[in-house]
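Spelled out, the chains give:
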Amino acid sequence: MKVAFLASEVIPYAKTGGLADVAGALPRFLAGLGADVKVFLPLYRAVRTKGLVLEPVIEAASLEMGGRSLDYAVHAHRADRVTVLFIDRPEFFDRDGLYGTAAGDYPDNGERFAFFSRAALETMRALDFSPDIIHGHDWQSALAFAYLRHVYGGDPFFARARTLFTIHNLAYQGLFEQEVLARVGLPPALFNMNDLEYFGQVNALKAGILYADAVTTVSPRYSREIQTPEFGCGLDGLLRSRAGVLHGILNGVDYRDWDPATDRHIPRNFTPADLSGKKVCREMLGLEFGLAAPEDRPVVGMVTRLAGQKGLDIVCEALDDLMGLGLTLIILGTGEQKIQDFLLAARKKHSDRFGLKIAFDERIAHTIYAGSDIFLIPSRYEPCGLTQMYAMKYGTIPVVRATGGLEDSVQEYDPRAGEGNGFKFLEAEAGPLVEATARALAVFKKPGSWRKLVGLSLIHI
Ligand code: ADP
């Protein structure tokens, strides 16, 4: 079976969040099942500067888009039985960021990702790779489904392809002005409510939801949540109308990348049977952040985008009370300026027990999963969430808000029944967050119970 996979970020090439992890791991597993998988990804500067040896596949091609002839090349990299095909057009992709800079999104993101989607489809044809499945992810790949329906409709090359669109986060929709349709070579008539219009703008995500044969999202609960006005981001009606083909499938993890027994990022490896290496990771984590990490004081870690979605505003509000519980808090993240500013000021106040790094750093992230006792994820909404799964694999107990994939993957610990793998709170407020953390701390103080809980959480993984 031939599978074409379109994603705007894929590990180990380019990553800003969980999409990259899944878009890296899933093709490997499909290839392991015998599928012939080709992954399409823009050739960003971040990839260009990695020093990979890329094989030229198409040296010069061009496509017509909105009256312009756009040149591009295609290069390949093969690993784990998966071929990744990079769409190379420096004007669009040889830039500092994937989607923008600190100043905001790139203003031509509509054209950039429409071009990526279109060039991916053209490349399938040029390589005579006639896919059985075309699987696109998030708004950056969604216009592929508009092209398939409205530009390539009836084209025998794509006639047998079945199409699948996955929503990793409904809040990011790719909104552009009406004129973008003409510029990217889509019929301007699609600017109507039943196609791509959304409150006076073009909504790229709608193309995936409307035109793909099937739509998935990344947890069963999130698939139900997004059909409600509260979580539907204005698209709940459309999603309800597609309920028959909408499925929630919890993200998987490639434990070859996330296994404390083999992880090359962490200071000492360990296994569920022998957690002694975790102690070393904990000490080294303290050193990394310039903090003492006495054994009787729990280390609470966070690896997160600094964004409202992730509940960082709730953490800011709860910070003094959290510190009042007598824990050490360690946060690694990048994101909104006002959250950064608040946390930087709070670090000064609690400098002996609060460690903070404003950075995107894979090695430090792994060290936090490995070296913390507790992992905090207070998201306002969470399509799936991967960090709780990584934490549990490293014997680190999650404290999460009960929403989306967090609700699906974490069960409240019940010491009497000896069941559960973490702690949850329902209301997105400081009080419940602090209470749930305090429940975790109460168990932490009883080493026998804590060891049992860590064992339970490892079994779930
Ligand atoms: P989202 O994609 O919404 O940000 P997920 O939980 O699905 O959230 O995935 C987040 C991924 O990004 C994880 O692999 C996590 O380790 C990683 N990550 C987030 N922030 C950072 C950071 N500052 N440094 C390194 N990795 C990070």
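Residues numbered from 1 in each chain as written. Predicted model: local features only at pLDDT ≥ 70, side-chain atom pairs only at ≥ 80, totals over all residues. Heavy atoms only, no water.

1. Considering the site of the ligand
Test applied: Residues are classed as near a molecule or strand on a simple rule: at least one heavy atom within 4 Å of it. Each polar contact in these results corresponds to two N or O atoms within 3.5 Å; when the atoms are within protein, one needs to be able to donate a hydrogen and the other to accept it, and residues that are neighboring in sequence are counted only if both atoms are side-chain atoms. Per-residue accessibility takes into account occlusion by the displayed protein chains alone, with areas from the Shrake-Rupley method and a 1.4 Å probe. Counting from the N terminus, the helices are the DSSP runs of H or I reaching at least four residues and the strands are the DSSP runs of E reaching at least two. In this count, Pro and Cys sit with the nonpolar residues alongside Ala, Val, Leu, Ile, Met, Phe, Trp and Tyr, while Asp, Glu, Lys and Arg are called charged and the others, Gly among them, polar.
In the vicinity of the ligand, 19 residues are found, and the nearest of them are Gly 18, Asp 21, Arg 305, Ala 359 and Tyr 369. The contact in question runs from an oxygen atom of the ligand to an N or O atom on the side chain of Asp 21, over 2.6 Å. At 3.0 Å, a backbone N or O of Asp 361 approaches a nitrogen atom of the ligand. The fraction of the free accessible surface of the ligand (570 Å²) that becomes covered by protein chains is 93%. Looking at the shell around the ligand, the elements with two or more residues in it are helix 1 (18-32), strand 15 (299-306), strand 16 (328-335), helix 13 (362-371) and helix 14 (387-393). Tallied by class, residues from the shell around the ligand come to eight nonpolar, six polar and five charged.

2. Let's talk about helix 1
How we decide: Here the expected span of a helix is defined as 1.5 Å times the quantity of residues minus one. Summary of the burial criterion: residues with accessible area below 20% of their type's maximum are buried, those above 50% are exposed, and those between are partly exposed, where the area comes from a 1.4 Å probe applied to protein chains only.
Along its 15 residues, helix 1 runs 21 Å from first to last C-alpha, staying within 8% of the 21 Å computed at 1.5 Å per residue. Buried residues of helix 1: Leu 19, Ala 20, Asp 21, Val 22, Ala 23, Gly 24, Ala 25, Pro 27, Arg 28 and Ala 31, and no others. Looking at the residues trailing helix 1, positive phi occurs at Gly 34, about 105 degrees.

3. Describing the side chain of Gln 340
Here is the rule we go by: Should any heavy atoms of two residues lie within 4.5 Å, those residues are counted as being in contact.
Mapped onto the secondary structure, Gln 340 falls in helix 12 (residues 337-349). Within the local environment of Gln 340, its side chain forms a polar contact with the backbone oxygen of Gly 335, the two atoms lying 2.9 Å apart. Not counting residues within four places of it along the chain, the set of residues in contact with Gln 340 comprises Leu 306, Gly 335 and Ile 358.

4. Some thoughts on the nonpolar core
Selection rule: Here, nonpolar core means buried Ala, Val, Leu, Ile, Met, Phe, Trp, Tyr and Cys residues that are tied together by side-chain atoms lying within 4.5 Å of each other.
Phe 115, Met 124 and Leu 196 are the most contacted members of the largest nonpolar core, which has 86 residues in total. Once residues within four sequence positions are removed from consideration, Phe 115 is found in contact with Leu 63, Met 65, Leu 70, Asp 71, Tyr 72, Ile 87, Arg 89, Phe 92 and Phe 93. By size, the runner-up hydrophobic cluster in this structure holds 39 residues, among which are Met 323, Val 399, Tyr 413 and Leu 458.

5. Quick notes on the pairing of strand 18 (residues 374-377)
A regular strand places its side chains on the two faces of the sheet in alternate fashion. The line we're drawing: Pairing between strands requires that DSSP locate at least two bridges from one strand to the other.
On strand 18, burial covers both faces: Ile 374 and Leu 376 on one face and Phe 375 and Ile 377 on the other are all buried. The pairing of strand 15 with strand 18 spans two bridges and is classified as parallel. Counterpart to Gly 301 in the pairing with strand 18 is Phe 375. Where strand 18 meets strand 19 (residues 397-401), four bridges bridge the pair, whose relative direction is parallel. For Ile 377, the partnering residue across the bridge sits in strand 19 and is Val 400.

6. Focus: the sheet that holds strand 15
Pairing between sheet strands relies on hydrogen bonds along the backbone, with the strands arranged either parallel or antiparallel. Inclusion rule: Here, axes are lines fitted to C-alpha atoms. For helices the fit covers the stretch in contact, and angles between N-to-C directions go from 0 to 180 degrees.
Overall, parallel pairing links the six strands, which are arranged 17-16-15-18-19-20 in an open sheet. Among the strands making up the open sheet, the edge pair consists of strand 17 (354-358) and strand 20 (423-425). Mean inter-strand twist for the sheet, computed between neighbouring axes without regard to direction, equals 15 degrees. Where strand 16 and strand 17 come together, five bridges link them in parallel fashion. Residue Ile 330 lies in a different strand from strand 17, and its bridge partner there is Gly 355. Along the sheet, helix 13 makes contact with strand 15, strand 16, strand 17 and strand 18, crossing strand 15 at roughly 145 degrees.

7. Remarks on the environment of Ala 120
Position of Ala 120 among the secondary structure elements: in helix 4 (residues 109-126). Apart from the residues within four sequence positions on either side, Ala 120 is in contact with Leu 6, Phe 40 and Ile 87.

Such coordinate-based values are descriptive only and should not be taken to indicate function.
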